[in-house]
Amino acid sequence: MIGGIRPKSQTPPGERHAVELHWESTKMSLTTFDPSGSAANKQASGSAATAKVTVPSLQRKKDLRQPITALTAYDYATARLIDEAGLDVILVGDSLAMVMQGQPDTLAITVDEMLVYTRGVRRAVKRALVVVDMPFGSYHIDEREGVANAIRFVKEAGAEAVKIEGGANRASLVRRLTDAEIPVMGHIGLTPQSVHRMGGYKVQGKTLAAVDRLRADALALQEAGCFSIVLEGMPRELGTILSAELEIPTIGIGAGPDTDGQILVLHDMLSLTFAPPAKFVRRYADIGASIRAAIGEYKQDVESRSFPSEAESYHLPTGVQL
Ligand code: KIV
């Protein structure tokens, strides 16, 4: 056996689903197929909540009408908490330009910066599918550069899929990326990278012509090979129609309750922001208030010399005297 690889001819009869390449030392196999339809399938049916989320397992969730859960994360600690809570998808969104870096929009963030944040998330996540936003400018010049940048996210940060904004105008790029074995999540409706063209962050798809365009965009992205599409900032009715028309899962943010899954920006749902939330944001905690209170208390304790206490101090060993 060369390097732990068992030749095909030695595969025991009847083990059709099993081993062609087998690494004895690491107990890993490249081609081990579970005849029951894979661990991801069990997870979709609820029998193994810890099974790795994959592109096919998300499709199965849509097929079984099970809601897909997604949040953004940009660092190790929050990504780990989200993963341990059992969410399906973690998006390293370019929203990090705004919520982590305090920029006015998402436009300035670079591939190199996104790579740094993505690596922290990647180290934390064991189960969720890690999707990374391709930042503005990283796929707009030409498709070759778009593919090269997407490959960097996979090779240098461990991304399992990339997300790009745009509709039919991105179909050819989606084909190139999927040809390069990189799963692509589409993103239509309110696309923040188009903020200047849209004239602000405005709900999209409010006229029949706009609805028709978004339907055509969604179908073009599906046809080109996207495994899922984010529907952002659109009337509920349109979110409902697109989710019913598409075979691939839709993930909504401000697109109503009938999409196949939901995503929120973590900082929005935790109230770790400094502006009033959009209508679609539900606030599940007030972490901003908790942090503010904790910092105020610490300041007071330091100023009153009640921190650190005797119990929080180290001492010389017995017998050592100054
Ligand atoms: O950047 C981001 O966080 C996103 C989500 C809002 C979908 O694109």
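Note that this is a predicted model, so its numbers are computed, not measured. (Residues numbered from 1 in each chain as written. Predicted model: local features only at pLDDT ≥ 70, side-chain atom pairs only at ≥ 80, totals over all residues.)

### Quick word on the pairing of strand β4 (residues 89-92)
Put simply, the rule is: The burial label depends on the number of other C-beta atoms within 10 Å of a residue's C-beta. Counts of 20 or more mean buried, 12 or fewer mean exposed, and intermediate counts mean partly exposed, with C-beta atoms placed from the backbone. Secondary structure counts use DSSP, requiring at least four H or I residues in a row for a helix and at least two E residues in a row for a strand, with both numbered from the N terminus. Convention used here: a crossover is right-handed provided that the path from the first strand, over the helix, to the second strand proceeds clockwise when the strands point away from the viewer. Paired strands, in this sense, are two strands between which DSSP finds at least two bridges.
Where burial is concerned, the two faces of β4 agree: the one with Val89 and Leu91 and the one with Ile90 and Val92 are both buried. Read from strand β3 (residues 68-72) through helix α3 (residues 76-84) to β4, the crossover connection turns out right-handed. Bridge analysis of β4 against strand β5 (residues 129-133) gives four bridges, and the strand direction is parallel. Bridging from a neighbouring strand, valine 92 pairs with valine 132 of β5.

### Some thoughts on the packing of helix α9 (residues 208-224) against helix α10 (residues 236-245)
Quick reminder of the rule: Only the stretch in contact is used when fitting a helix axis, every axis being a line fitted to C-alpha atoms; angles between N-to-C directions are given from 0 to 180 degrees. Any angle that is under 35 degrees is reported as roughly parallel, and any over 145 degrees as roughly antiparallel; angles of 65 to 115 degrees are reported as roughly perpendicular and all others as oblique. Helix crossings fall into two classes, left-handed where the near helix is turned counterclockwise from the far one by less than a right angle and right-handed where it is turned clockwise. With C-beta atoms placed from the backbone, a contact is any residue pair whose C-beta atoms sit within 7 Å. As a working rule, the residues Ala, Val, Leu, Ile, Met, Phe, Trp, Tyr, Cys and Pro are called nonpolar, Asp, Glu, Lys and Arg charged, and the rest polar, with Gly in that last group.
Contact geometry of α9 with α10 gives a least axis separation of 11 Å together with a crossing angle of 30 degrees. Overall, the two elements α9 and α10 adopt an arrangement that is roughly parallel. In this structure, the crossing between α9 and α10 has a hand that is right-handed. In this structure, α9 contributes Val211, Leu214, Arg215 and Ala218 to the contact, and α10 contributes Leu238, Leu242 and Glu245. Residue classes in the contact of α9 with α10 are distributed as five nonpolar, no polar and two charged.

### Considerations on the pairing of strand β7 (residues 184-189)
One face of the sheet, then the other: side chains in a regular strand alternate in exactly this way. Among the six residues of β7, six are classified as buried, and the element is accordingly described as predominantly covered. Bridge count between strand β6 (residues 161-163) and β7: two bridges; the pairing is parallel. Paired with valine 162 across the strands is valine 184, a residue of β7. A crossover connection joins β6 to the parallel β7 through helix α7 (residues 171-179); in handedness this β-α-β unit is right-handed. Note that β7 and strand β8 (residues 228-232) share five bridges and pair parallel.

### As for the confidence of the model for the protein
Convention followed: pLDDT expresses how confident the predictor is about each individual residue, on a scale running from 0 to 100.
Scored by pLDDT, the protein comes out at a mean of 89, with 85% of its residues at no less than 70. For the stretch residues 1-28, pLDDT sits under 50, and the model shows 26 contacts to residues farther than four places along the chain or on other chains. Low pLDDT, under 50, characterises residues 34-48; the predicted model gives this stretch 28 contacts beyond four residues in sequence or across chains.

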